[in-house]
Amino acid sequence: MPSTPVAAPPAHLRIDRLTLEFGGVRALSEVSIDLAGGGIIGLIGPNGAGKTSLLNCISGFYRPTSGDVTLDGRSVLDMRRHQLAGQGIARTFQNLALFGEMSVYDNVAAGAPRGRRRLRGVPGLRPPGTGAAERDAVWAMLERFDLVQHARHPAHGLPFGTLKRVEFARALMARPRVLLLDEPAGGLTHTEVDELGGLITDVVRDLAPVVLLIEHHMGLILSVCSRIVVMDSGRTIADGPTEQVRHDPAVISAYLGGGADLAAR
Ligand SMILES: Nc1ncnc2c1ncn2[C@@H]1O[C@H](COP(=O)(O)OP(=O)(O)OP(=O)(O)O)[C@@H](O)[C@H]1O
């Protein structure tokens, strides 16, 4: 009898009393967030709240002063960045982190696990993607992100909105179980933000990663997130279902100094 494929359970990412200090600056103070259950979780808060610092700790760019980050019960803090990628943790960057001289195709291909192995320590960054299956996967991703017409163009010089799509596509090449998106809507037009919202929800439908979405664009947060975590001054000040958090007086006060609703932002 043919067996029915069993869907893998969502990754369980847990942030446990995470503190991060830079000299006298406390960027994070005992932040605890349990992302059991998956879905798209918005991470919002005013400038300097600690959102990117938190993402940097999860993705191995910062070493926290104390606390832990676990994936399926296992601490990830001692893992190197390529090991984190191997565990299925992928991210994008607020200010983009693409290879400017490399083509869009090669940038996207570099997100595949094989591409990463080849790039590590290799001078000249030879483009990965020689296997037929890998090439097909890259072209499928380029198509999905409407990037086929730019495939051979160096990343350098392309419009910002296009580069944001390149970075998102690259992060997805690893088929992540945890996807960390740092202000993906920053610098995009209204139409591009709407398209981005569609892409994020499509990705969750297809790959079912846990998505932690840092964003100042409240329209995007309110349209795609089922849960919102709010940070202010290095602490979480609210965490709950979107409909509850958007009306939370403490949240509105942190953002607007009073007012009706986050959607007004
Ligand atoms: N590498 C660093 N060295 C020193 N201080 C830092 C460093 N990174 C972050 N900080 C400080 O940590 C605090 C939190 O910054 P962080 O960038 O995490 O906030 P954020 O919520 O992401 O803000 P934004 O929305 O403006 O991106 C700030 O006071 C910031 O100046």
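Look up: the structure comes first, before these words.
Report follows, based on the coordinates. (Residues numbered from 1 in each chain as written. Predicted model: local features only at pLDDT ≥ 70, side-chain atom pairs only at ≥ 80, totals over all residues. Heavy atoms only, no water.)

### Topic: the layout of surface pockets
Link 1 in the chain: Empty space within the second largest pocket amounts to approximately 180 Å³.
Link 2 in the chain: In terms of lining, the second largest pocket is formed by Ala112, Ala137, Ala140, Met141, Arg144, Leu172, Met173, Arg175, Asp206 and Leu207.
Link 3 in the chain: No other element matches the four residues that helix α5 (residues 132-144) contributes to the lining of the second largest pocket.
Link 4 in the chain: Across the lining of the second largest pocket, the residue classes tally to seven nonpolar, no polar and three charged. (1 Å grid on protein atoms, 1.4 Å probe; cavity = no way out; pocket = protein on both sides within 12 Å on 5 of 7 lines; lining within 4 Å. Points joined across faces, edges and corners; volume = space filled by probe spheres on them. Helix = DSSP H or I, 4+ residues; strand = E, 2+ residues; numbered from the N terminus. Nonpolar A, V, L, I, M, F, W, Y, C, P; charged D, E, K, R; others polar.)

### Overview of the site of the ligand
Link 1 in the chain: With respect to spatial proximity, 15 residues lie near the ligand, and among them Asn47, Gly48, Lys51, Thr52 and Ser53 are the closest.
Link 2 in the chain: For the ligand, a nitrogen atom lies 3.1 Å from a polar atom in the side chain of tyrosine 62.
Link 3 in the chain: One of the side-chain N or O atoms of histidine 216 is found 2.9 Å from an oxygen atom in the ligand.
Link 4 in the chain: Look at the ligand: alone it shows 630 Å² of surface, and the protein chains cover 65% of it. (Near = heavy atom within 4 Å. Polar contact = N/O pair within 3.5 Å; in protein donor to acceptor, adjacent residues only side chain to side chain. Areas by Shrake-Rupley, 256 points an atom, 1.4 Å probe, with all protein chains shown as cover.)

### Observations concerning the packing of helix α6 (residues 160-172) against helix α7 (residues 190-207)
Link 1 in the chain: At a closest axis distance of 12 Å, the pairing of α6 and α7 adopts a crossing angle of 5°. In terms of orientation, α6 lies roughly parallel with respect to α7. In this structure, α6 contributes Gly161, Phe168 and Leu172 to the contact, and α7 contributes Glu192, Leu196, Leu199, Ile200, Val203 and Leu207.
Link 2 in the chain: Here the residues of the contact of α6 with α7 are counted per class, giving seven nonpolar, one polar and one charged. (Axes fitted to C-alpha atoms, helices over the stretch in contact; angles between N-to-C directions. Parallel < 35°, antiparallel > 145°, perpendicular 65-115°, else oblique. Contact = heavy atoms within 4.5 Å.)

### A closer look at the nonpolar core
Link 1 in the chain: Counting 49 residues, the largest nonpolar core has Val108, Phe168, Leu179 and Leu213 as the members making the most contacts within it.
Link 2 in the chain: Counting contributing residues, this core receives three or more from each of domain 1 (10-88 + 176-264) and domain 2 (98-115 + 128-174).
Link 3 in the chain: Setting aside residues no more than four positions away along its own chain, leucine 179 makes contact with Ala90, Phe168, Ala171, Leu172, Val203, Pro209, Val210, Val211 and Leu212.
Link 4 in the chain: Leu43, Leu77, Leu180 and Ile214 belong to the second largest nonpolar core, which has 31 residues in total. (Core = buried A, V, L, I, M, F, W, Y, C linked by side-chain atoms within 4.5 Å. Buried < 20%, exposed > 50% of the residue type's maximum accessible area, 1.4 Å probe, protein only. Domains from an automatic or database assignment.)

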